[in-house]
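Fold and contact review
Spelled out from the first residue to the last, the chains are:
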Amino acid sequence: MRVVFFAVAAFCVLYYFILAVYSRKFTSTFAGFWLAAGGVHLVLGCVPPFSVAGKAAAAASAAAWILFFCVEIRILWAMTSGGKEKADCIIVLGAQVRGREISDSLKRRLDRAVGYLQAFSETRVIVSGGQGPGEEITEADAMAEYLLKKGVEKSRIFREDKSTSTRENFRFSRACADVKREKIGIVTNGFHIYRASLIAKEEGYEHICTVPASSNPVYQLNYLVREFFALLHFFISHRRRGKR
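Before going into details, it helps to say that this report is about the structure given with it. (Residues numbered from 1 in each chain as written. Predicted model: local features only at pLDDT ≥ 70, side-chain atom pairs only at ≥ 80, totals over all residues. Heavy atoms only, no water.)

**A short note on the overall build of the chain**
Just so we agree on the cut-off: Put simply, DSSP marks the helices as runs of H or I at least four residues long and the strands as runs of E at least two long, and each gets a number from the N terminus on. Burial status follows relative accessibility: with a 1.4 Å probe on protein chains alone, a residue under 20% of its type maximum counts as buried, one over 50% as exposed, and anything between as partly exposed. Here, residues are in contact when the closest pair of their heavy atoms is within 4.5 Å. Note on areas: Shrake-Rupley with a 1.4 Å probe; residue coverage comes only from the protein chains shown.
A tally of regular secondary structure across the chain gives 8 helices and 7 strands. Along the three orthogonal principal directions, the C-alpha set of the chain runs to about 70 × 45 × 30 Å. The buried share among the 244 residues of the chain stands at 46%. Partitioning the contacts of the chain with sequence separation of at least 6, the portion at a separation of at least 24 is 75%. On the chain, roughly 13100 Å² of surface is accessible, and the fraction owed to carbon and sulfur atoms is 61%.

Structure (structure tokens):
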């Protein structure tokens, strides 16, 4: 077991440096997690394996890994399915805009939407996203501009420009679609599609389908692990809401 702990520690630290070199930042989003995880596994590897502490560490680690893999399997399944059903309307969830330039993640969502809209010529599209720090225009406006440049007709594009979170994306987009009767497609990066669909259902969307977009392969593992914690938070919050 100690070998496993040391191997995981080495991998985590190595991946941290890969992220740092690739992004040219030592503090990129969630990157610090990998250093922390590496340190924890290094400490666990130094605990005598047959001591009470060593056995407890092994049991806790095994339980955590089992939970992690169960959640990740569900995320991966959602990533690799969808995108084939015809929707009355699709919602492209917003992501970071730097000034007026869309980020890589948002570009991938929009390119996926363009392909889908070309395949289904009668489908409308809602671009959903407000304006945050460092953004000169709303995410919705940036997305609409991109879609127009790609040849999507203006009459098919609807803008929701107030939201600041995934939940608000769905909540405010209800003004642009009949979420009780119409089939609504969700366009976001694959790692995010499962949680987004759960939130959509909570917000009253009764007929949904998923249209997963790709992600930067270097960041993919980082995104997947970050999404694991986001889903845990969602499930805990969902349970609390259910008790009210």
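**Concerning the sheet that holds strand β7 (residues 208-213)**
Here is the rule: DSSP bridges decide pairing: two strands pair if at least two such bridges lie between them. Axis lines are fitted to C-alpha atoms, over the contacting stretch for helices. Their N-to-C directions set the angle, which ranges from 0 to 180 degrees.
If you walk across this open sheet you meet the 5 strands as β5-β4-β1-β6-β7, and the pairing is parallel. Each edge of the open sheet carries a strand with a single partner, namely β5 (157-160) and β7. Averaged over all pairs of adjacent strands, the angle between their axes in this sheet comes to 25°, without regard to strand direction. Two strands pair when backbone bridges link them, and strand β6 (residues 184-189) and β7 are joined in this way by 6 bridges, in the parallel orientation. Bridged to I186 within β7 is T210. Along the sheet face, helix α6 (residues 166-173) touches β1 (89-93), β4 (124-128), β5 and β6 and points at about 145° away from the line of β1.

**With respect to unusual backbone geometry**
Positive phi values are uncommon outside glycine, yet R24 reaches one of about 60°. One can find R24 in the loop between α1 (2-23) and α2 (31-46). The exposure class assigned to R24 is exposed, which follows from its relative accessible area of 79%.

**Thoughts on the packing of aromatic side chains**
Ring pairs (aromatic) are described by centroid distance and by the angle formed between their planes. To keep things clear, this is the line we draw: Ring pairs shown here join Phe, Tyr and Trp side chains whose ring centres sit within 6.5 Å, with only the six-membered ring taken for Trp; geometry is labelled stacked below 30 degrees between planes, edge-to-face above 60, and tilted in between.
In total, this model carries 18 aromatic pairs according to the counting rule given. On the basis of an interplanar angle of 80° and a centroid distance of 4.8 Å, the ring pair of Y15 and W34 is categorised as edge-to-face. Residue Y15 is found in helix α1, and its partner W34 is found in helix α2; the two are separated by 19 residues along the sequence. Judged by centre distance (5.9 Å) and plane angle (45°), the ring pair of Y219 and Y223 falls under tilted. Y223 carries the same exposure label as Y219, and that label is buried. Here the aromatic cluster, defined as three or more aromatic residues joined through ring pairs, consists of F11, Y15, F30, F33, W34, W65, F68, F69, F228 and F229.

**Concerning a nonpolar patch on the surface**
Rule in force here: Patch definition: residues above 30% relative accessible area lacking any salt bridge, with like charges linked at up to 9 Å and the nonpolar side chains Val, Leu, Ile, Met, Phe, Trp and Tyr linked at up to 5 Å. Salt-bridge detection follows one rule: a side-chain nitrogen of Lys or Arg within 4 Å of a carboxyl oxygen of Asp or Glu.
Among the surface-exposed residues, W65, F69 and I73 lie close enough to one another that they form a single nonpolar patch of about 310 Å² accessible area. The topology assignment puts W65 in helix α3 (residues 52-79). On the accessibility criterion, W65 (32% relative accessible area) is partly exposed.

**Things to note about α2**
Short version of the rule: Helix span, expected: 1.5 Å multiplied by one less than the number of residues in the helix. The arc in question is formed by the directions pointing from the helix axis toward the C-beta atoms.
With 16 residues, α2 extends 24 Å between its outermost C-alpha atoms, agreeing within 8% with the 22 Å of an ideal straight helix rising 1.5 Å per residue. Those residues of α2 lying buried are A31, W34, A37, G38, H41 and G45. Relative to the axis of α2, the buried residues are bounded by an arc of 105° and lie together on one face.

**A closer look at the pattern of salt bridges**
In total, this model carries 14 salt bridges according to the counting rule given. In this structure, R156 and E153 form a salt bridge, with 3.1 Å as the shortest nitrogen-oxygen distance. Looking at R156, the relative accessible area reads 12%, which means it is buried. Residues K180 and E206 are paired through a salt bridge, measuring 3.4 Å at the closest nitrogen-oxygen approach.

**Section: the nonpolar core**
As a rule of thumb, soluble globular proteins bury nonpolar side chains together. Definition in use: Throughout, nonpolar core names a set of buried Ala, Val, Leu, Ile, Met, Phe, Trp, Tyr and Cys residues whose side chains join them through atoms within 4.5 Å.
By size, the foremost hydrophobic cluster in this structure holds 36 residues, and its most contacted members are W34, I91, F170, I186 and Y205. The set of elements that each furnish at least two residues to this core consists of α1, α2, α3, β1, β6, α7 (190-202) and α8 (220-243). Ranked by residues supplied to this core, first place goes to α7 with 7 residues. The residues touching W34, leaving out its near neighbours within four places in the chain, are F11, C12, V13, Y15, Y16, L19, L221, N222 and V225. One finds L106, V114, V125 and Y146 within the second-largest nonpolar core, a separate group that totals 27 residues.

**Quick look at the packing of helix α4 (residues 104-119) against helix α5 (residues 139-149)**
The condition is simple: Every angle not falling under 35 degrees, over 145, or within 65 to 115 is termed oblique; those three ranges are roughly parallel, roughly antiparallel and roughly perpendicular. It is the rotation of the near helix from the far one that decides the hand of a crossing: anticlockwise by less than a right angle makes it left-handed, clockwise makes it right-handed. Residues were grouped as follows: Ala, Val, Leu, Ile, Met, Phe, Trp, Tyr, Cys and Pro as nonpolar; Asp, Glu, Lys and Arg as charged; and all remaining residues, including Gly, as polar.
Packing of α4 against α5 leaves a shortest axis separation of 10 Å and a crossing angle of 45°. Classified by the angle between their axes, α4 and α5 sit oblique to one another. Our pair here, α4 against α5, has a crossing hand that is right-handed. Touching L106, K107, L110, D111 and V114 of α4 are M143, Y146 and L147, all from α5. For the contact of α4 with α5, a count of residues per class yields 6 nonpolar, no polar and 2 charged.

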